[in-house]
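# Analysis of the macromolecular model
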Amino acid sequence: MNILILGSGGREHVFAMKISQSPICSHLFIAPGNAGTMECGANVNISPLDFDAIEAFCIKENIKLIIPGPEDPLVAGLVDFVKGSEKLKNVAILGPPKAGAMLEGSKDFSKSFMISHGIPTAAYLTVTTDNLQQGLDFLETLEAPYVLKADGLAAGKGVLIEQDLDTAKNALKEILDGKFGNAGNKVVIEEFLHGIEMSCFVLTDGRDYIMLPEAKDYKRIGEGDQGLNTGGMGAVSPVPFAGKAFLDKVENSIVKPTIQGLLKDGIPYCGFIFIGLMNSGGEPRVIEYNCRMGDPETEVVLHRVENDLVELFLAACQQELAEFELKVNPDTAVTVVLVSGGYPGSFEKGFEIKHLEQVTDSTIYHAGTKLESGKTLTNGGRVMAITSTGKNIKEAIAISMRNAGKVDFNNKYYRKDIGLDLLTYHEQT
Ligand code: AMP
Ligand code: GLY
């Protein structure tokens, strides 16, 4: 079977590496890919948002399975396009239709979905210029800090958390005035949830589902969770404070009603659901849904999955997940992300990445890298994720940190505290 992966991050390198090991896969293509995915298959210079080019490529290369990594093509309706194309009749695609991707594409849609299906989440109000006063009044009823979210996709930058009521009121007006472009035509104001954040990952075929391993991500640029939000600076799986009792609650009060809610609403959802949640004193509440896998969470979550990934993905596309048995490595996986200095603000790229061959006992998942004249160069903010497994979290951290120190490029930066907060956790359920 010929397979096409869409995207160019660490998540897509995980897909590519595992899929290239599957005997079911004949030829693997990654569009556009990075220097790492080139070692697993052929990179193709097509944008995941260029649906016509994807269609033409699938016909030319006899692609039978498409795996979109990021959310943008899903929110833009790639799955609807593929399913509606006469020419792609026999091509499977792992992802939700646009109606399902709106769980990520619109905060307003996802909040109203949660409320209508009884899924625990923060209280909220959606505000437009038409009910601005109601929004300002709602902020008055909340306690600090105040959470404001642009409704649409804003490249991870559309969430503001303000300590002060007046600042929050001004921010509300600024977002409605276009601070985040059209993504902020609606603003979701939310109650602030206290607790510890973590993420659960579900693969569903629209009827049945599989719970993938959970993970904790480190979103801020600075150590001790300080500074600007990033796409993710590291991740750990499993999560020591998410014991069986807690994960059972997540499954019963969140995952099942989500799958049933999609069914009731007539949304044929095949693909990943990434649930960002808060563990508030042992009670899970949903912060957000994403319609795809996380990055860098995939670098620990799917890193631990031992099944043939093509078999798993095909089972989802063919509504056969009920029969599927997931095999997970019980060891702990830790990934540490190396970034270009300056990220998530402006940064330089094009620096040579050296000493990759000195990395031992870890897997390097490339993200912002490219190969030019035989050299691997930095080509993005997040450059690569270094994943290691160990019998315990301490061992896995030590291996990843040792190797993170060896790889070298100009302005390299990484957080040296990934996972350290979890060393002292005892199960909280
Ligand atoms: P989101 O894009 O919705 O995941 O929000 C980005 C980040 O803001 C989350 O990962 C949380 O750390 C934080 N956040 C969002 N909503 C809330 C909330 N209601 N209470 C507390 N923190 C939140
Ligand atoms: N690491 C967070 C995300 O993928 O959205």
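Scroll up to find the structure.
Just so it is clear, the model here is predicted, and its values are computed rather than measured.

Right, let's get into the packing of aromatic side chains. Per the stated rule, a full pass over the model turns up nine aromatic pairs. When the ring of Phe15 is compared with that of Phe272, the centres are 6.2 Å apart and the planes differ by 5 degrees; the resulting orientation is stacked. Pair noted here: Phe15 is in helix α1 (residues 10-20) and Phe272 is in strand β15 (residues 271-280), with a separation of 257 residues, a long-range link. Comparing Phe15 with Phe272, the two get one shared label, buried. Each member of the aromatic cluster is reached from another via a ring pair, and the members are Phe15, Phe272 and Phe313.

The residue Ser280 is located in strand β15 in this model. With 87 residues separating them in the primary sequence, Ser280 and Leu193 have C-alpha atoms 7.5 Å apart. The contacts of Ser280, once residues within four sequence positions are left out, are His194 and Gly195. A polar contact of 2.7 Å, which involves the side chain of Ser280, links it to the backbone oxygen of His194.

Further remarks concern the sheet that holds strand β1 (residues 2-7). The strand order across the open sheet formed by five strands is β3-β2-β1-β4-β5, and the pairing between neighbours is parallel. Where the open sheet ends on each side, the last strands, each with one partner, are β3 (42-43) and β5 (92-93). Judged from the five bridges that link them, β1 and strand β2 (residues 28-32) form a sheet pairing that is parallel. Its bridge partner being in β2, Leu4 is matched across the sheet by Phe29. Along the sheet, α1 contacts β1, β2 and β4 (63-68); its crossing angle with β1, the most-contacted strand, is approximately 165 degrees.

Rules used throughout
Residues numbered from 1 in each chain as written. Chains lettered and ligands numbered in written order. Predicted model: local features only at pLDDT ≥ 70, side-chain atom pairs only at ≥ 80, totals over all residues. Heavy atoms only, no water. Phe/Tyr/Trp six-rings, centres within 6.5 Å; stacked < 30°, edge-to-face > 60°. Helix = DSSP H or I, 4+ residues; strand = E, 2+ residues; numbered from the N terminus. Buried < 20%, exposed > 50% of the residue type's maximum accessible area, 1.4 Å probe, protein only. Contact = heavy atoms within 4.5 Å. Polar contact = N/O pair within 3.5 Å; in protein donor to acceptor, adjacent residues only side chain to side chain. Pairing = 2+ DSSP bridges. Axes fitted to C-alpha atoms, helices over the stretch in contact; angles between N-to-C directions.

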